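So the chains spell out like this:
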Amino acid sequence: MERPEFALYPYLVAWEVTNACLLACRHCRASAMPYPLPGELSTEEGLRLIEEVATYRPKPLLLLTGGDPLARPDLTLLIQKAKGLGLKVGLTPAATPFLTRERVFVLKEAGVTRLALSLDGATPENHDAFRGEQGTFVRTLAALDWAKEAGLPTQVNTTITRENWPEIKALPDLLAEKGVVLWSLFFLIPVGRGVLLKQLSAREFEEVLHWLYGISQTYPFHVKTTEAHHFRRVVLQRRKEEGGQDRALAAGESLYREYFQDGMEHSRLGVTDGNGFVFVSATGDVAPSGFFPVYAGNIREKSLLAIYRESPLFQELRNKDLLKGKCGVCEYRYVCGGSRARAYAETGDYLASEPRCVYVPPAWLERVGKVPAAG
């Protein structure tokens, strides 16, 4: 199995440009509030961060998230800076009154490469209840249309919980109609306000992942998962069984470059929390991901790259041979590795086995004495 190395540079840098957001989403990992946090990175600090990221080789993808990035007054300037330095920029705005047709066109002109919008239900009633504000479903659909009009590629992000999973099955037809490039499904991690929601069971995870594989074969958009890295194992298993190819993002970026004119391949093989992915909070704290609130330093005190390369936390996360339990002997650990954020949230040990994976590696069966060892 291929073993990509991300020890030198991250593949994707996510910067939470502000914690401010007018919505009160039930799952929000940031527990966003209407106003910025005290001490959020200034314009000058943000520009320096972008300048640093642009020096990485190869240049990583830059994701500007929040909170709601549109709540930050200097957002256009930050995007223009990133574009001028040759970075591809993804943006995840909230469906608030800040998100207008005019703003979408401004974002496209400033340099946004892809607009990522959220749909967590297939009806206004359910989506709006999840997002904590009426009108967000209608505004999100309108924004998808505005982006299409502007020539700005879109992806839809969907958070999956036990509560909304049955309705999620109705979304693929809508996404195909709206012409999205990618459907990115976030499997709930119990952090922030999300601690009050229920995750799928391990068996339900497996059922959903196999369903997503089928969706990837029958719909025109690509499919990826966040914090359900074992989708890569499912895809590889199904490919082996069927001998075919699909539109699920589980393999190397080169395999899918022809499909992504915006260059935003988000699921290169092996990218996981702290291994190819790094998160910078609104106040400059650096973590393996936004769902993994263990901080390795602050960019006000040390460069992002130095933290990423030198932090013991990040070094451990990049060493898949340190994984414990069945993840530690799994033949898929270099392409999957399990969700370190979920392991930490559920067990307190970020190297523990993925709690929501049903797969039992043959090597684990040998270790626990269920089958005789070969030879």
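Read on for a plain summary of the structure. (Residues numbered from 1 in each chain as written. Predicted model: local features only at pLDDT ≥ 70, side-chain atom pairs only at ≥ 80, totals over all residues. Heavy atoms only, no water.)

**So, the packing of helix H5 (residues 136-150) against helix H7 (residues 171-178)**
Running from N to C, H5 and H7 point in directions that differ by 35°, and their axes come no closer than 10 Å. Judged by residue contacts, Phe 137, Leu 141, Leu 144, Asp 145 and Lys 148 of H5 engage Leu 174, Glu 177 and Lys 178 from H7. The residue inventory of the contact of H5 with H7, partitioned by class, reads four nonpolar, no polar and four charged. (Axes fitted to C-alpha atoms, helices over the stretch in contact; angles between N-to-C directions. Helix = DSSP H or I, 4+ residues; strand = E, 2+ residues; numbered from the N terminus. Contact = heavy atoms within 4.5 Å. Nonpolar A, V, L, I, M, F, W, Y, C, P; charged D, E, K, R; others polar.)

**Considerations on the packing of aromatic side chains**
Applying the stated criterion across every chain, the model contains 11 aromatic pairs. Taken together, a centroid distance of 6.2 Å and an interplanar angle of 90° make the contact between Trp 183 and Phe 221 edge-to-face. Separated by 38 residues along the polypeptide, Trp 183 in strand E6 (residues 182-187) and Phe 221 in the loop between helix H8 (202-218) and strand E7 (222-226) bring together distant segments of the chain. For Trp 183, a relative accessible area of 0% puts it in the buried group. Classification of Phe 221 by relative accessible area gives buried; the value is 0%. Centre to centre, the rings of Tyr 332 and Tyr 359 are 5.7 Å apart; their planes meet at 75°, and the pair counts as edge-to-face. A residue pair is termed long-range when its members are at least 10 positions apart, and Tyr 332 in the loop between helix H12 (312-318) and helix H13 (340-347) and Tyr 359 in the loop between H13 and helix H14 (362-367) qualify at 27 residues. Classification of Tyr 332 as buried rests on a relative accessible area of 13%. Taken together through their ring pairs, the aromatic side chains of Trp 165, Trp 183, Trp 211, Tyr 219 and Phe 221 make up a single cluster. Here Arg 309 stacks its cationic end above the ring of Tyr 9, 4.7 Å away from the centre of that ring. (Phe/Tyr/Trp six-rings, centres within 6.5 Å; stacked < 30°, edge-to-face > 60°. Buried < 20%, exposed > 50% of the residue type's maximum accessible area, 1.4 Å probe, protein only. Lys NZ or Arg CZ within 6 Å of the ring centre and 35° of its normal.)

**Some thoughts on the environment of Ser 289**
The residue Ser 289 is located in the loop between strand E10 (285-287) and strand E11 (297-298) in this model. We classify Ser 289 as buried; its relative accessible area is 3%. Ser 289 sits 116 residues away from Asp 173 along the chain, and the two C-alpha atoms are 30 Å apart. Excluding residues that lie within four positions of it along the chain, Ser 289 makes contacts with Glu 227, Asp 273, Phe 277, Phe 279 and Ala 341. A polar side-chain atom of Ser 289 sits 3.1 Å from the main-chain amide nitrogen of Phe 291. (Polar contact = N/O pair within 3.5 Å; in protein donor to acceptor, adjacent residues only side chain to side chain.)

**Topic: the pairing of E7**
Summarising burial for E7: five of the five residues are buried, a large majority. Across the two faces of E7 the burial is the same, with His 222, Lys 224 and Thr 226 and Val 223 and Thr 225 all buried. As defined by bridge partners, E6 adjoins E7 across five bridges and the pair is classed as parallel. Bridge pairing in E7 places Trp 183 opposite Val 223. (Pairing = 2+ DSSP bridges.)

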